[in-house]
Amino acid sequence: MKRKLMTMALIVTTVSTTALVPGIINANERNNDYNQVIETFEDSESVKGIIYEFTYENAPEEMRRDHEENCKSIGIEPLATDVLYSTSPEYAKLGEPRTFSIIREGDYMVFASANVNYRAKITTIRNGSRGNIVKIAQLLLERAMGYGLVADGIFGSKTETAVRNFQLKKGLSVDGIVGNNTWSKLDDYCDK
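None of these values were measured; they are calculated from a predicted model.

**With respect to the overall build of the protein**
Right, so step 1: Looking only at helices and strands, the protein features seven helices and five strands.
Right, so step 2: If you list the helices and strands of the protein from N to C, you get α-α-α-β-α-β-β-β-β-α-α-α.
Right, so step 3: Looking at the protein as a whole, 42% of its 192 residues qualify as buried.
Right, so step 4: Sequence separation of at least 24 residues holds for 60% of the intrachain contacts in the protein that already meet a minimum separation of 6.

Written as structure tokens, this is what we have:
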């Protein structure tokens, strides 16, 4: 009887902590197919960005260090298969170039490229958050301010600094947290 109760307690704890951890994305949000979005943007002038895609194992040293620092800040180890993006032209000959668009779809942001597509619910993110919504915020901050952020989906100290500078520039309350007001200003850097 005790073993059964312990198992049930473990299941309840796992379910409840998973629901509360910021940055965990529902599998349906992560794996949806956005071919229609791609068809709309792929050949259009609305595609405004080029990113350079790397895995952690083949990324330039500076990107690897930034990703390692972000991982360390939230207590995880980088994986060889972690996908990192940069918009910096210095990586043009080193990474896989991808055109991409970010569009707002109600309460969601959609990242669309010829290679990877996902939809992430807009939520408040801060230092320690992770997931696709963080990666989208990093790419939008890069468009807005050109900080040289590695878009790795981990909200670390460099992302927080970029958010604070963005908030200052846009006349927002400077708290380093991407909430409703900051998302509203980042919307200006989405593709139309």
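Read on for the rest.
**Digging into the pattern of salt bridges**
Right, so step 1: Throughout the structure, instances matching the rule amount to seven salt bridges.
Right, so step 2: A salt bridge links R104 to D187, with the shortest nitrogen-to-oxygen separation between them at 2.7 Å. A residue pair is termed long-range when its members are at least 10 positions apart, and R104 in strand β3 (residues 96-105) and D187 in the segment after α7 (180-186) qualify at 83 residues.
Right, so step 3: Look at R104 and you get partly exposed, because its relative accessible area is 35%.
Right, so step 4: A relative accessible area of 18% places D187 in the buried class.
Right, so step 5: In this structure, R143 engages D191 in a salt bridge whose closest nitrogen and oxygen atoms are separated by 3.2 Å. A residue pair is termed long-range when its members are at least 10 positions apart, and R143 in helix α5 (residues 132-145) and D191 in the segment after α7 qualify at 48 residues.
Right, so step 6: The exposure class of R143 is partly exposed, given its relative accessible area of 23%.
Right, so step 7: Take D191: its relative accessible area is 4%, and that puts it in the buried class.

**A closer look at helix α6 (residues 157-169)**
Right, so step 1: Here α6 contains 13 residues, and its C-alpha end-to-end distance of 18 Å stays within 8% of the 18 Å for a straight helix at 1.5 Å per residue.
Right, so step 2: Of all the residues in α6, the buried ones are T159, E160, A162, V163, F166 and Q167. Considered in projection along α6, the buried side chains sweep an arc of 160 degrees and stay on one side of the axis. Exposed and facing more than 90 degrees away from the buried side of α6 are L168 and K169.
Right, so step 3: On its buried face, α6 sits against α5 and α7.
Right, so step 4: Remark: G171 follows α6 within two positions and exhibits a positive phi of approximately 75 degrees.

**Quick look at α5**
Right, so step 1: With 14 residues, α5 should reach 20 Å at 1.5 Å per residue; the first-to-last C-alpha distance of 20 Å fits that figure.
Right, so step 2: Most of α5 sits inside the fold, with twelve of its 14 residues counted as buried.
Right, so step 3: Along α5, the residues classified as buried are N132, I133, V134, K135, I136, A137, Q138, L139, L140, L141, E142 and A144.
Right, so step 4: Positive phi shows up at G146, right after α5, with a value of about 65 degrees.

Cut-offs and rules
- Residues numbered from 1 in each chain as written.
- Predicted model: local features only at pLDDT ≥ 70, side-chain atom pairs only at ≥ 80, totals over all residues.
- Heavy atoms only, no water.
- Helix = DSSP H or I, 4+ residues; strand = E, 2+ residues; numbered from the N terminus.
- Buried < 20%, exposed > 50% of the residue type's maximum accessible area, 1.4 Å probe, protein only.
- Contact = heavy atoms within 4.5 Å.
- Salt bridge = Lys/Arg side-chain N within 4 Å of Asp/Glu carboxyl O.
- Expected span 1.5 Å × (residues − 1).
- Arc of directions from axis to C-beta.

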